[in-house]
Amino acid sequence: MGSAVIIIDIHSKIELMNPMAEALTGWHESEALAVSIERVLEIIDSHTGRKIDYLFQQVIVTGEVVTLPDTCILITKSGKQIPIGDSIAPICDDHGNINGAIIIFQDISERKKIESQLLRHAFYDSLTSLPNRVLFQDVLQQVFERSKQQKDYQFAVLFIDLDGFKGINDKFGHRIGDEFLAVAAQRLESCLRNEDTIARLGGDEFAILLEDIINITSATQVAQRIHKTLESPLNINGHEIFTTASIGISISNHEYEEAGLLLRDADIAMYHAKDKGKANYVIFHERLIS
């Protein structure tokens, strides 16, 4: 696909549109010549929804090439929204005087789609659609930094291991095992608030970040809800599969310098919960390390 080209004069009136510009904007050149560039090229910011209508004048005033922001969305004549990219450059006469500008742009929908897919692959688990370990650690770091600034801000980390998953895989096969994990993830997520984060760390291991809690009781109540929701069997392709969860809990510690230590603590506590038998939770304390 070629580039769309629009030339405007120093007063922001359209002088020329090529066929690609007509196709993308939905405006024929003959009708576009009678209206302002802002009507033909109605551009908004994809994040804020605000109009981006200063670029042409910026180019004419400064005489410098402007790259379109990565968040540019073109509103076509019919109201369709198309992400666009490229640049606007000044047009000068033989004496170097600016007498207009040229905008060159393309539909970058396909590029945006690929970028979104790459981003999702990098930060989300393909099986459960939950955040993965990388994204969880990033969110945990942000919350950890916030707690350093706000001494009364508390949060908790839950490390969850589904009991007996290997046996489920061995008995029913990996396809059923994968479906089991996806359904179990939904059960776990149903126990949380919107502001909490759940991630699949790998295999049958999950982590939960509970933000802005009052005390450790908030975390133990979530653990109890998880145990309660897993009491009912998971229906997978006609199979009723039962599972329980071993859960380790750590609460924010202002003495720590690394956010990852809280995930480590919750992991340690989870193994102690597993040692106690199925469907247990353990709160981390220093004696568990020794």
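The coordinates are above.
If you're wondering where the values come from, they're calculated on a predicted model, not measured in any experiment.

What about the nonpolar core?
Next, step 1: Leu-158, Phe-180, Leu-210 and Ile-226 are the most contacted members of the largest nonpolar core, which has 31 residues in total.
Next, step 2: For this core, the elements supplying multiple residues, two or more each, are strand E8 (156–163), helix H7 (165–172), helix H8 (174–189), strand E10 (205–210), helix H9 (216–229), strand E11 (234–236) and strand E13 (244–251).
Next, step 3: Counting residues per element, this core draws most heavily on H8, at six residues.
Next, step 4: When near neighbours in sequence (up to four residues on either side) are disregarded, Leu-210 contacts Phe-155, Ala-156, Leu-158, Leu-192, Arg-193, Asp-196, Ser-218, Ala-219 and Val-222.
Next, step 5: By size, the runner-up hydrophobic cluster in this structure holds 29 residues, among which are Leu-24, Val-66, Ile-88 and Ile-103.

Side note on unusual backbone geometry
Next, step 1: Unlike most non-glycine residues, Ser-129 shows phi in positive territory, near 65 degrees.
Next, step 2: Turning to its location among the elements, Ser-129 is positioned in the loop between helix H5 (109–123) and helix H6 (133–149).
Next, step 3: On the basis of relative accessibility, which here comes to 43%, the residue Ser-129 falls in the partly exposed class.
Next, step 4: Non-glycine residue Ala-279 carries a positive phi angle of around 55 degrees.
Next, step 5: With respect to the helices and strands, Ala-279 occurs in the loop between helix H10 (260–275) and strand E14 (281–283).

Side note on the pattern of salt bridges
Next, step 1: The tally for this structure, following the rule as stated, stands at 15 salt bridges.
Next, step 2: Residues Asp-163 and Lys-274 are paired through a salt bridge, measuring 2.8 Å at the closest nitrogen-oxygen approach. A residue pair is termed long-range when its members are at least 10 positions apart, and Asp-163 in strand E8 and Lys-274 in helix H10 qualify at 111 residues.
Next, step 3: In this structure, Arg-193 and Glu-195 form a salt bridge, with 3.4 Å as the shortest nitrogen-oxygen distance.
Next, step 4: Classification of Glu-195 as partly exposed rests on a relative accessible area of 43%.
Next, step 5: Connected via shared salt-bridge partners are Asp-70, Arg-111, Lys-112 and Glu-115.

Overview of the pairing of E10
Next, step 1: Taking burial as the measure, the six residues of E10 include six buried ones, the bulk of the element.
Next, step 2: Direction of pairing for E8 relative to E10: antiparallel, over a ladder of six bridges. Of the residues in E10, the one forming a bridge with Ile-160 is Phe-206.
Next, step 3: Pairing analysis gives five bridges linking strand E9 (residues 197–202) to E10, with the strands arranged antiparallel. Opposite Thr-197, over in E10, you have Leu-209 as the bridge partner.

How each quantity is defined
- Residues numbered from 1 in each chain as written.
- Predicted model: local features only at pLDDT ≥ 70, side-chain atom pairs only at ≥ 80, totals over all residues.
- Heavy atoms only, no water.
- Core = buried A, V, L, I, M, F, W, Y, C linked by side-chain atoms within 4.5 Å.
- Buried < 20%, exposed > 50% of the residue type's maximum accessible area, 1.4 Å probe, protein only.
- Helix = DSSP H or I, 4+ residues; strand = E, 2+ residues; numbered from the N terminus.
- Contact = heavy atoms within 4.5 Å.
- Salt bridge = Lys/Arg side-chain N within 4 Å of Asp/Glu carboxyl O.
- Pairing = 2+ DSSP bridges.

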